[in-house]
Amino acid sequence: MKKRPLFYLFCMVASFGGLFVTSCNDDDYPGAAPDEITAHYSSKLSDGTRANLALTYSGHELIGKSVNFETNDSRTAQLTLQCILPHEAETRLTGISLTPDGQGGYTFSGDATGSQTETTFSYNGTVQKGKLALDIKNPQIPANPLVQAKDLDFVKAGVVLRIAIGDMDLGELIEGKVNEFLKAVLKDISFHTDGNITASYSGMKESDWKSSPVNLVSFYMTDGNTLYVAPNVDMIIRQIRLNQAVTRADDNLITVLPKVYALLNQWSTTGLKLSYAENSITLNKEELDPVFALLKVLPDAIRNISIGEIPGLGESTIGTLADLSSLISDLSLTLYFNVKNAG
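Residues numbered from 1 in each chain as written. Predicted model: local features only at pLDDT ≥ 70, side-chain atom pairs only at ≥ 80, totals over all residues. Heavy atoms only, no water.

### A word on the nonpolar core
Turning to step 1, where the next piece is worked out: In terms of nonpolar packing, the biggest core is built from 39 residues, with Leu146, Phe191, Phe219 and Leu227 touching the most fellow members.
Turning to step 2, where the next piece is worked out: Tallying contributions element by element places strand E11 (residues 151–163) first for this core, with six residues.
Turning to step 3, where the next piece is worked out: Ranked by size, the runner-up nonpolar core spans 30 residues in total, among them Leu55, Val127, Leu132 and Ile236. (Core = buried A, V, L, I, M, F, W, Y, C linked by side-chain atoms within 4.5 Å. Buried < 20%, exposed > 50% of the residue type's maximum accessible area, 1.4 Å probe, protein only. Helix = DSSP H or I, 4+ residues; strand = E, 2+ residues; numbered from the N terminus.)

What follows is the structure in structure tokens.
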């Protein structure tokens, strides 16, 4: 019984010793401790003032993305990029060396290749408690026919549309309207080696052609005939808001943005699947269900665009087609181009 106090004393000394060693280890980190920087970093519009990721892609800001940063010792780290490379849901980077920056954070850099798409890129960044800055530099998707063609001048659109009411063929009826609309707003499309798509466009009430910003839409080809196009939804919505501030656009468009956001996010990971043939890109019916859902929430200014007289239905609009989407038996939209810059 007399030995028990000595046993308790030994336990107390061991406990204090453990705390002392742990405290020394914490102080030994040259910057932030692992649990201070291991986190999920995000730059989505929904984050608001809580956004803690500053991301650039090919030298330009990219929002609406997220990155997981993990470290056990503040010396090496692992990054998981989420939907940042075109057509790649996750990109894991491991064994990243961390260098103290003298301000409580760490810097890092390296070269990598996407495990799913073989996209090559360099990266560098800094991490500190509550903030991650990451630059994705010189990303290069694998060579494909669209990168080789690069710039495509829009020529015309072709439409196939059949409705299961007497097997009505309405393609020719609305093709003229579609061409009239697209020729007024679309001049050309460019496919870049980093996976970006840009276009020369004009507003419906404007006459000057403008170049679209980068990082709004990306693409990836899985083979010579299959193309995936993914919208960077947060970037697009922010650009719409910026344009709205400059042009005083219809407030109805801003009102429907949350609904548009939810629908477009269906394409933001893998992308919208299209078929590519020489000088043409086709969107088929199986990919168009979200498009019709989108048309149903767009402002009346777009839904009310006339597509002419439909037999049995009278004067009809784009909104009419959206409402009749369940009756469509066959549908495709093909854009035809001339190659401007081959090679």
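So that's the structure; there's more coming.
### Remarks on the pairing of strand E19 (residues 280–284)
Turning to step 1, where the next piece is worked out: With respect to burial, E19 is a largely interior element, four of its five residues being buried.
Turning to step 2, where the next piece is worked out: Two strands pair when backbone bridges link them, and strand E18 (residues 272–277) and E19 are joined in this way by three bridges, in the antiparallel orientation. Paired with alanine 277 across the strands is serine 280, a residue of E19.
Turning to step 3, where the next piece is worked out: With antiparallel pairing between neighbouring strands as the criterion, E18 and E19 make up a hairpin whose turn holds two residues, including asparagine 279 at a positive phi of roughly 70°. (Pairing = 2+ DSSP bridges.)

### Some thoughts on the sheet that holds strand E1 (residues 39–42)
Turning to step 1, where the next piece is worked out: Read across the sheet, four strands follow the order E1-E4-E5-E6 without closing on themselves; strand pairing throughout is antiparallel. A single partner strand is all that each edge strand has here, and the edge strands are E1 and strand E6 (90–97). Sheet twist, expressed as the mean angle between neighbouring strand axes with direction ignored, is 20°.
Turning to step 2, where the next piece is worked out: Pairing between strand E4 (residues 66–70) and strand E5 (residues 76–82): five bridges, direction antiparallel. Note on E5: the bridge partner recorded for valine 67 is leucine 81. (Axes fitted to C-alpha atoms, helices over the stretch in contact; angles between N-to-C directions.)

### Points about the sheet that holds strand E9 (residues 120–128)
Turning to step 1, where the next piece is worked out: The strand order across the open sheet formed by six strands is E3-E2-E10-E9-E8-E7, and the pairing between neighbours is mixed. Each edge of the open sheet carries a strand with a single partner, namely strand E3 (60–61) and strand E7 (99–100).
Turning to step 2, where the next piece is worked out: When E7 meets strand E8 (residues 106–113), the two strands line up antiparallel, connected through two bridges. Bridged to threonine 99 within E8 is threonine 107.

### Some points on helix H4 (residues 171–185)
Turning to step 1, where the next piece is worked out: Relative to the 21 Å expected for 15 residues at 1.5 Å per residue, H4 spans 21 Å between its end C-alpha atoms, a close match to the ideal helical length.
Turning to step 2, where the next piece is worked out: All buried positions along H4 are accounted for by Gly171, Ile174, Asn179, Leu182 and Val185. Projection of H4 onto a plane perpendicular to its axis shows the buried side chains occupying an angular sector of 150°, all on one side. Projecting away from the buried face of H4 at angles above 90 degrees are the exposed residues Glu172 and Glu180. (Expected span 1.5 Å × (residues − 1). Arc of directions from axis to C-beta.)

### Overview of the environment of glycine 64
Turning to step 1, where the next piece is worked out: Locating glycine 64 in the fold gives a position in the loop between E3 and E4.
Turning to step 2, where the next piece is worked out: For the pair formed by glycine 64 and aspartate 47, sequence separation is 17 residues and the distance between their alpha carbons is 9.2 Å.
Turning to step 3, where the next piece is worked out: Beyond its immediate chain neighbours, meaning those up to four positions away, glycine 64 contacts Ser43, Lys44 and Asp234. (Contact = heavy atoms within 4.5 Å.)

### Some remarks on the confidence of the model for the chain
Turning to step 1, where the next piece is worked out: For the chain, mean pLDDT is 82; residues scoring 70 or higher make up 76% of the total.
Turning to step 2, where the next piece is worked out: For the stretch residues 13–26, pLDDT sits under 50, and the model shows zero contacts to residues farther than four places along the chain or on other chains.
Turning to step 3, where the next piece is worked out: Between residues 246–254, whose pLDDT stays under 50, and residues either more than four places distant or in other chains, the model counts 10 contacts. (pLDDT = per-residue confidence, 0-100.)

### Examining the packing of aromatic side chains
Turning to step 1, where the next piece is worked out: Applying the stated rule across the entire model yields five aromatic pairs.
Turning to step 2, where the next piece is worked out: A ring pair is formed by phenylalanine 121 and tyrosine 123, whose centres lie 6.3 Å apart and whose planes are at 50°; its orientation type is tilted.
Turning to step 3, where the next piece is worked out: Assessed through its relative accessible area of 8%, tyrosine 123 is described here as buried.
Turning to step 4, where the next piece is worked out: Aromatic side chains phenylalanine 191 and phenylalanine 219 sit 5.1 Å apart centroid to centroid with 80° between the ring planes, which places their arrangement in the edge-to-face category. Here the residue phenylalanine 191 occupies a position in strand E13 (residues 186–191), and phenylalanine 219 occupies one in strand E16 (residues 217–223), the gap between them amounting to 28 residues. Side by side, phenylalanine 191 and phenylalanine 219 carry an identical accessibility label, which is buried. (Phe/Tyr/Trp six-rings, centres within 6.5 Å; stacked < 30°, edge-to-face > 60°.)

### Comments concerning the environment of threonine 126
Turning to step 1, where the next piece is worked out: Counting through the fold element by element, threonine 126 comes out in strand E9.
Turning to step 2, where the next piece is worked out: When near neighbours in sequence (up to four residues on either side) are disregarded, threonine 126 contacts Tyr106, Thr107, Phe108, Lys131, Leu132 and Ala133.

### Brief notes about the pairing of E4
Turning to step 1, where the next piece is worked out: Where E1 lies against E4, four bridges are found, and the strand directions are antiparallel. Directly across from tyrosine 41, in E4, lies its bridge partner valine 67.
Turning to step 2, where the next piece is worked out: The hairpin formed by E4 and E5 contains five residues between the paired strands, and serine 74 there has a positive phi angle of roughly 60°.

### Digging into the environment of glycine 271
Turning to step 1, where the next piece is worked out: With respect to the element layout, glycine 271 can be found in the loop between helix H7 (257–264) and E18.
Turning to step 2, where the next piece is worked out: Contacts of glycine 271, omitting those with residues within four sequence positions, involve Tyr228, Val229 and Ala230.

### Details of the pattern of salt bridges
Turning to step 1, where the next piece is worked out: Applying the stated rule across the entire model yields three salt bridges.
Turning to step 2, where the next piece is worked out: Two residues, lysine 129 and glutamate 36, come together in a salt bridge whose shortest N-O distance is 4.0 Å. Residue lysine 129 is located in the loop between E9 and strand E10 (131–140), and its partner glutamate 36 is located in helix H2 (residues 34–37); the two are separated by 93 residues in the primary sequence.
Turning to step 3, where the next piece is worked out: With a relative accessible area of 34%, glutamate 36 lands in the partly exposed category. (Salt bridge = Lys/Arg side-chain N within 4 Å of Asp/Glu carboxyl O.)

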